[in-house]
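Architecture and fold: a report
The primary structure of each chain is shown beneath.
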Amino acid sequence: MTLDPSQTAVDTVLIHSGRAGETGPVNVPVHRASTILFETVADLDAAKGKRFAKGTVFYGRFGTPDTFAFEDSVSALEGAVATVATPSGLAACVLPLVAFLKPGDHVLVADTVYEPTRTSLNAFIRRNGVEVEYVDPRADLAPLIRDTTRMIYLESPGSLTFEVQDLPAIAALARGRGIITVCDNTWATGYFCRPLELGIDIVVQAATKYIVGHSDAMLGTVSVADAALHQPLREAANWMGYAVSPDAVYLGARGLRTLAARLKQHHATGLDLARWLEGQAGIARVLHPGLPSHPDHAIFARDFRGASGLFSVLLDTTDRAVAVRFADSLRLFGLGFSWGGFESLVLPGDPAHARTATRWDEPRQLVRLHAGLEDPEDLRADLAQALTQAFGA
Ligand SMILES: *Cc1c(COP(=O)(O)O)cnc(C)c1O
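Reference entry: report on the structure contained in this document.

Definitions and cut-offs
Residues numbered from 1 in each chain as written. Predicted model: local features only at pLDDT ≥ 70, side-chain atom pairs only at ≥ 80, totals over all residues. Heavy atoms only, no water. Pairing = 2+ DSSP bridges. Helix = DSSP H or I, 4+ residues; strand = E, 2+ residues; numbered from the N terminus. Contact = heavy atoms within 4.5 Å. Axes fitted to C-alpha atoms, helices over the stretch in contact; angles between N-to-C directions. Near = heavy atom within 4 Å. Polar contact = N/O pair within 3.5 Å; in protein donor to acceptor, adjacent residues only side chain to side chain. Areas by Shrake-Rupley, 256 points an atom, 1.4 Å probe, with all protein chains shown as cover. 1 Å grid on protein atoms, 1.4 Å probe; cavity = no way out; pocket = protein on both sides within 12 Å on 5 of 7 lines; lining within 4 Å. Sits in = over half its atoms within 2 Å of the grid points.

1. Some remarks on the sheet that holds strand 10 (residues 334-335)
- Taken in spatial order, the five strands make up an open sheet running 8-9-12-11-10, and their pairing is mixed. Both outer strands of the open sheet, strand 8 (283-287) and strand 10, are each paired with one neighbouring strand and no more.
- Relative to the sheet, helix 9 (residues 246-278) contacts strand 8, strand 9 (310-315) and strand 12 (366-370), its axis offset from that of strand 9 by approximately 10°.
- Each of strand 9, strand 10, strand 11 (345-349) and strand 12 is contacted by helix 11 (residues 320-329), which is oriented at about 170° to strand 11, the strand it contacts most.

Encoded structure:
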């Protein structure tokens, strides 16, 4: 049975894609391999000749059937023609930069990108003679395009502060000028937003987050709308020596089976908490693109089908000690990096030090929250008691 993804809801496609076969185990088993054995030298040579082609089992580092099944499922999720799995989300962010940028090229980067992506651009891509220019995520990019502009790198909504970018407008600007557009779609996943269908060329994701979904593996994906972009990405993954753990791939493939059900709950709980927090004493602002109060809500409503569970609040205080007391008082929200797992998380954040093209001069304390799959009423009660602890004491 093959499903026509254009005729089938993505919820259904995620259940039926990347299967082992019509009979036998439902999921593709874990393949642990370095050496792949061939019958004849001719077979070995043939595999070597097409080692960068999708689905070739040649040597463990290039992927095995479980990797390829996972990549096909992510392609179905994103509406992509092909996907390359990478050892982490950051490895996915870096891969298009390495594959397509050369000395003398100019790249425009949204100022609100995930901070380690910025570190890689500054420390590694820049060192190789690429001109990296950070831009306001809401700026009109037309005046900033140069003859040497080769790529526009976006992330929507932006890390920590959730600015939403006008992906169709930026894609239209780049098209026909030889500019490759890349969007980090980790927050929404293809379930809530499909940048490739909005005209973006490459989508990167930290599958570590919602796709794995259980905070127990590192994994990334790079998906393309045009098959011509696929082989250069595979080759660059090889230059970098990327090898994806088969156990991580298995957990990613397994996570995809429940992605739709989990994301619906993250959406509902996140929005519910965001709306409630908006009216609470001690909360100055809620930064959630699904709220009508968000400055980019109209673009969000146009381009996204829903919101995941990650958003920020500005506490009504400039005193970091209050924010620390709030975070430390939460019992159900764990304190730690990353997100997208089943559990609720809290993280005090400081956007100011991680941007250069825009200024974050908001003096009030920012705290990022991840709405997990706990009972929403329990989460609300926990936030209420922590606000009382932080401000009341
Ligand atoms: C977490 C994250 C990454 C990096 O993913 P890792 O798997 O932790 O390397 C990249 N982009 C965004 C937006 C993220 O939140």
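2. A look at the sheet that holds strand 5 (residues 180-184)
- Spatially, seven strands are ordered 1-7-6-5-4-2-3 in an open sheet, and the strand pairing comes out mixed. Of all the strands in the sheet, the pair left with one neighbour each is strand 1 (82-86) and strand 3 (131-135). Strand-to-strand twist in this sheet, taken as the mean axis angle between neighbours without regard to direction, amounts to 20°.
- By the bridge criterion, three bridges tie strand 5 to strand 6 (residues 202-206) in an arrangement that is parallel. Within the sheet, the bridge partner assigned to C183 lies in strand 6 and is V203.

3. Description of the site of the ligand
- Around the ligand lies a shell of 13 residues, among which G89, L90, D184, T208 and K209 are the nearest.
- Contact distances for the ligand include 2.8 Å between an oxygen atom and a backbone N or O atom of G89.
- Side-chain polar atom of D184 to a nitrogen atom of the ligand: 2.7 Å apart, as the coordinates give it.
- Burial of the ligand by the protein chains amounts to 92% of its free accessible area of 380 Å².
- Placement of the ligand is best described as lying within the largest pocket.

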